[in-house]
Structures are given as C-alpha cells and as structure tokens.
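Chain residues, written in single-letter form:
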Amino acid sequence: MKYRTIGTDPATRREVSVLALGAMLFGSVTDEKTSFAVLDHFVEAGGTFIDTSDNYAYWVGDDLGGQSERLLGKWRRSRGVGDEIVIATKLGAAPLAPGTGFLDNPEGLSAKAIREAAERSRERLGVERLDLLYAHIEDRTVPLRETVEAFGELTAEGTVGLLGASNHAIWRVERARSLAAAAGLPGYEVLQYQHSHLRPRYDVPSPLFEDGSLGHAGPELFSYLRSEPALTLVAYSPLLAGAYTRPDKPVPQDYDHPGTPARLAVLREIAAETGAGLNQIVLAWQIGNRLPIVPLAGASSVAQLKENLAAVDLELTEDQRTRLDAAH
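In this text the structure is predicted, and so the values were computed from the model without any measurement.

## A few points about the pairing of strand S6 (residues 130–135)
Within S6, six of the six residues are buried, which leaves the element mostly enclosed by the surrounding structure. As paired strands, strand S5 (residues 86–91) and S6 are joined by four bridges and run parallel to one another. Paired with Lys-90 across the strands is Tyr-134, a residue of S6. Assessed by its sense of winding, the connection that carries the chain from S5 through helix H3 (residues 111–125) to S6 is right-handed. Bridging between S6 and strand S7 (residues 160–166) involves five bridges; their strand directions are parallel. Paired with Ala-135 across the two strands is Ala-165, which belongs to S7. In terms of handedness, the path from S6 via helix H4 (residues 144–157) over to S7 forms a crossover that is right-handed.

Below you can see the structure in the form of structure tokens.
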C-alpha cells in the first residue's frame, strides 16, 4: 500500500491509504458477512481510509439511513480497530422522515442539525472523534457563517478532526473557507466530488443542481486544487458503478457526448499495453495524478476489492499519462 497525508494541522492531519474504500451499501445491499470480509481484506492489504455517510443507505428498505455507520461500528468493535483506521462520514443529506429524501426533506446544515447528526454518527461508529466529517450537500437555507461556526465548535471540542465538503459549488467552498479563516476556525480541507476518466456534461440540470452539475469534479475544481495545494480531492464513483467493464452497466447518460469514445479508446489502448483492466487504469491514473486525488471505490466482494487494490502498484508511464490526460 501507498499513503498520502490529508490535512495540514499536526493535531488533525492524517496519513491515509491512496485508495479509499466506499462503504455506502455495507449493512444494507451488502450483507454483514460479505462487508466484514471486504473490510478485513482492505485492512490486511494496508488500507486505512474508509468512507461512509449518515444517510447510507436510506433508499434501501424505506429507512432513514445509518446502516453503513452501524455496520462499521460493529466491525470496529469486533476487530478491535482503533485510530489506525480513518473513517470519514458525512452529514446534511439524511432524510428527516421515512419516504422522503435529500431533495425534499434533508436534515440540512444548521448548527442544531450538525451537532445532533455528528453525535449520532459518533455513537453509531463507536468513536470519540470523527476523523473526517463532510458537509454532504449544500444548505442554502442556512447562513453559511452558521454552518462554518457549527463545524468549528465541534473541532474545538475535539469530537471532529478534519472537515470536508462534498457536492458544493466551488465558490461556496471558498466562501466558507474564507469565513473560517477570518474567524480563526478550521476550514474544509478535503473535497469529495464525482470524478472518473470519462468527462461528463456539466451543463445538464438535475433536481439537486438546477444550473448543471456541481457534484462532478470539473475545470474550476482542478484550478482550485492547483492554487490551494493543502486541499485533497476524494474522487467518488471513479469506476462509474461498473460501466467500464460490465455490459449490463451502460455509461451514464451525462457521459453520452462526442468526447467519450476517444477517452474510452485511450483507456483500452493502455489496458492492452499494460495487461491491466480498465478499472485499474482509471484508478492508477487518479492515484498517480499530479493533483492530490484519492479515488474512493466501493466493492461488494473481496474479488472486486482485490482488482481495485492491484491499481495501487500499477505504474503508468509519462507517455501513457499524457495520452490519458489529452484524449478528447
């Protein structure tokens, strides 16, 4: 395994594996036995970075979420896992009632919601401090200063370490970081956005993003990362839910544009040159990127995890990287 440091403050920064394990469906779609087996193998391989959220997976079984955090807490207790494993979680997007969701009835990012949600996550995970806590989605009904100060209070109390943001407009991230800096509070240091080798259309509106996607990593985010070297991008859905390799998983509709075939062609060329699979090429391209990127990939079996882990030691040449970057 290889490792990188996230965060800057010596009191909260952490060294994490360059590949993160997504636990979104653990305890719901993926049963406990399989989830434990995947987690055990990840740790045996040197993995130290696990990702979840307080709302995973509310859409399974008409629930409010929390299944993933509860399973991770049970796994931690049964294995005696301590601070050597970094578990990141998120808040703000859990539904407030069964049958609702983050679009119509989210917990939000008020000071009260943040404190209560963080406490529930700590209890489910069985930890005294949340290693990394993200604001999962924006909440424009709450003054940004209130959200920033609420997160700051939790870090001051020692119940939260690093802070992050996911699926936010970059201007909102920068404004929150500026407010935190002006108040002498810690700001967001880890940014989680959807990012893969294929590039989506950013102009397609959705129920969450009426002006086009703010949840995909795009030019503005990459420019921001280049100018703020202390930030880290955690790239979720790097393998597009299996679309690179599974005939039953078509490429999502927002990737249906003229640039996609060219990028797929380069991926296949380099897979043939290296003898690696397409998924491994995508992960290796992110892991070795000049920008600080940690791919976040889920796995529903040990076999899938092993395939992903092989990407850690896959060294792409500079020529191969250039071709992957330049394809359009």
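## What about the packing of helix H2 (residues 67–79) against H3?
Where H2 contacts H3, the axes come no closer than 7 Å and their chain directions differ by 40°. In terms of orientation, H2 and H3 fall into the oblique class. Counted together, Glu-69, Arg-70, Leu-72, Gly-73, Arg-76 and Arg-77 of H2 and Ser-121, Arg-124 and Leu-125 of H3 form the full contact between these two elements. Looking at the contact of H2 with H3, its residues break down into two nonpolar, two polar and five charged.

## Side note on the nonpolar core
Ranked by internal contacts, the top residues of the largest apolar core, which has 81 residues, are Ile-50, Tyr-188, Leu-191 and Ile-281. When residues of this core are assigned to their parent elements, the largest contribution, seven residues, is made by helix H8 (residues 278–287). Those residues in contact with Ile-50 that sit more than four places away from it in its chain are Leu-21, Ala-23, Leu-39, Phe-42, Leu-72, Trp-75, Ile-85, Val-86, Ile-87 and Ala-88. Among the nonpolar cores identified, the runner-up in size contains 14 residues, and Ala-20, Val-86, Leu-132 and Tyr-236 belong to it.

## Notes on the environment of His-216
One can find His-216 in the loop between strand S8 (190–194) and helix H6 (219–227). For His-216 and Ser-166, which are 50 residues apart along the polypeptide, the C-alpha to C-alpha distance reads 9.8 Å. Once residues within four sequence positions are removed from consideration, His-216 is found in contact with Tyr-193, Gln-194, Pro-200, Tyr-202, Asp-254 and Tyr-255. In this structure the side chain of His-216 is engaged in a polar contact, spanning 2.8 Å, whose partner is the side chain of Ser-213.

## Brief notes about the pairing of S7
A large share of S7 lies buried, amounting to seven of its seven residues. Judged from the three bridges that link them, S7 and S8 form a sheet pairing that is parallel. Within S8, the position partnered with Ala-165 by the bridge is Leu-191. Note that the unit made of S7, helix H5 (residues 170–182) and S8 has a crossover that is right-handed.

## Quick notes on the sheet that holds S5
Adjacent strands of a sheet pair through backbone hydrogen bonds, lying either parallel or antiparallel. Pairing is parallel in the closed barrel, where eight strands are placed in the order S3-S4-S5-S6-S7-S8-S9-S10. Shown here is a sheet whose adjacent strand axes are inclined to one another by a mean of 30°, direction ignored. Two strands pair when backbone bridges link them, and strand S4 (residues 49–51) and S5 are joined in this way by three bridges, in the parallel orientation. What sits directly across from Asp-51, in S5, is Ala-88. Set on the sheet, H6 makes contact with S8 and strand S9 (232–236); between it and S9 the angle comes to about 150°.

## Re the packing of helix H1 (residues 32–44) against helix H9 (residues 302–309)
Closest axis-to-axis distance for the H1/H9 pair is 9 Å, and the angle between their directions is 25°. Accordingly, the angle class assigned to the pair H1 and H9 is roughly parallel. Between H1 and H9 the crossing geometry is right-handed. Mapping the contact onto sequence places Ala-37, Val-38, His-41 and Phe-42 in H1 and Val-302, Leu-305, Lys-306 and Leu-309 in H9. Looking at side-chain class alone, the contact of H1 with H9 contains six nonpolar, one polar and one charged residues.

## Remarks on H6
For H6, the full list of buried residues reads Leu-221, Phe-222, Tyr-224 and Leu-225. Buried residues of H6 fall within an arc of 155° about the axis and therefore sit on the same side. In H6, those exposed residues whose orientation departs by more than 90 degrees from the buried face are Pro-219, Glu-220 and Arg-226. As for H6, its buried residues are in contact with H5, S8 and S9.

Quick notes on the rules
Residues numbered from 1 in each chain as written. Predicted model: local features only at pLDDT ≥ 70, side-chain atom pairs only at ≥ 80, totals over all residues. Heavy atoms only, no water. Buried < 20%, exposed > 50% of the residue type's maximum accessible area, 1.4 Å probe, protein only. Helix = DSSP H or I, 4+ residues; strand = E, 2+ residues; numbered from the N terminus. Pairing = 2+ DSSP bridges. Right-handed = clockwise from strand over helix to strand, strands pointing away. Axes fitted to C-alpha atoms, helices over the stretch in contact; angles between N-to-C directions. Parallel < 35°, antiparallel > 145°, perpendicular 65-115°, else oblique. Contact = heavy atoms within 4.5 Å. Nonpolar A, V, L, I, M, F, W, Y, C, P; charged D, E, K, R; others polar. Core = buried A, V, L, I, M, F, W, Y, C linked by side-chain atoms within 4.5 Å. Polar contact = N/O pair within 3.5 Å; in protein donor to acceptor, adjacent residues only side chain to side chain. Left-handed = near helix turned anticlockwise from the far one by under 90°. Arc of directions from axis to C-beta.

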